[in-house]
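# Tertiary structure, described
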Amino acid sequence: MSEALVGLTVVAMGTSLPELATSITASMKGENEMALGNIIGSNIFNIALILGSVGTITQVPVSTPILWDLLILAGCTIVFSVICMTSKQKSRRWMGGVFVAMYFAYLAFAIVRNYCF
C-alpha cells in the first residue's frame, strides 16, 4: 500500500471525522449554516495554513498526479458551488449522495492510478 493511498483513506478519514460529526450534529439541530461553515472552513484551513506551513519549511514537489488531484478538486468545488447556488430548497439526500459518490469515484481513481500506472 502506497503512502498516497494511506493518506487518501486512513489519514483523511481520521482527520475528517470530527468535522463530519460536528456537521451531522449541527444539521440534525437545524443549524445548516454551521454545518456548511464547518466543512468549508476546515478545508480552507487545511489547504491554506497546513499546506502553506509545510511549503514554508520545505519545498513541496508538484507532480502530474498532484495536478490531476487539483483538477478533480476544482471540478468538485464547481459542482458543489453550482448545486448550492441553484438549489432554492434545503439540501436533499440526493445532494449528499452525489458527493459521497464523487468521493468513492475519486478513491477508485486514486487506487487505479497508484497500482496500475
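Residues numbered from 1 in each chain as written. Predicted model: local features only at pLDDT ≥ 70, side-chain atom pairs only at ≥ 80, totals over all residues. Heavy atoms only, no water.

A separate point is a nonpolar patch on the surface. On the surface, Phe45, Ile47, Leu49, Ile50, Leu51, Val54, Val60, Val62, Ile66, Leu67, Leu70 and Leu73 cluster together to form a nonpolar patch covering roughly 1000 Å² of accessible area. Elements represented by at least two residues in the nonpolar patch include exactly helix H2 (32–57) and helix H3 (64–86). It is H2 that provides the largest number of residues to the nonpolar patch, a total of 6 residues. Of note, Ile50 is situated in helix H2. Look at Ile50 and you get partly exposed, because its relative accessible area is 42%. (Patch = residues over 30% accessible without salt bridge, like charges linked within 9 Å, V, L, I, M, F, W, Y side chains within 5 Å. Areas by Shrake-Rupley, 256 points an atom, 1.4 Å probe, with all protein chains shown as cover. Salt bridge = Lys/Arg side-chain N within 4 Å of Asp/Glu carboxyl O. Helix = DSSP H or I, 4+ residues; strand = E, 2+ residues; numbered from the N terminus. Buried < 20%, exposed > 50% of the residue type's maximum accessible area, 1.4 Å probe, protein only.)

What follows is about the confidence of the model for the chain. Scored by pLDDT, the chain comes out at a mean of 81, with 91% of its residues at no less than 70. Per-residue pLDDT, averaged within each element of the chain, yields its smallest value for helix H1 (residues 3–28) (78) and its largest for helix H4 (residues 93–116) (84). (pLDDT = per-residue confidence, 0-100.)

For the rest of this paragraph, the subject is the packing of aromatic side chains. As enumerated under the stated definition, the model contains 3 aromatic pairs in all. For the ring pair Phe80 and Phe99, a centre distance of 5.5 Å and an interplane angle of 65° mean the geometry is edge-to-face. With a gap of 19 residues between them, Phe80 in helix H3 and Phe99 in helix H4 connect regions that are remote in the sequence. Looking at Phe99, the relative accessible area reads 25%, which means it is partly exposed. Each ring, one from Tyr106 and one from Phe109, has its centre 6.4 Å from the other, and the planes form 35°; the classification is tilted. Here Tyr106 and its partner Phe109 are both found in helix H4, 3 residues apart, which amounts to about one turn of the helix. Given a relative accessible area of 16%, Tyr106 falls into the buried group. Residue classification places Phe109 among the partly exposed residues on the basis of a relative accessible area of 31%. (Phe/Tyr/Trp six-rings, centres within 6.5 Å; stacked < 30°, edge-to-face > 60°.)

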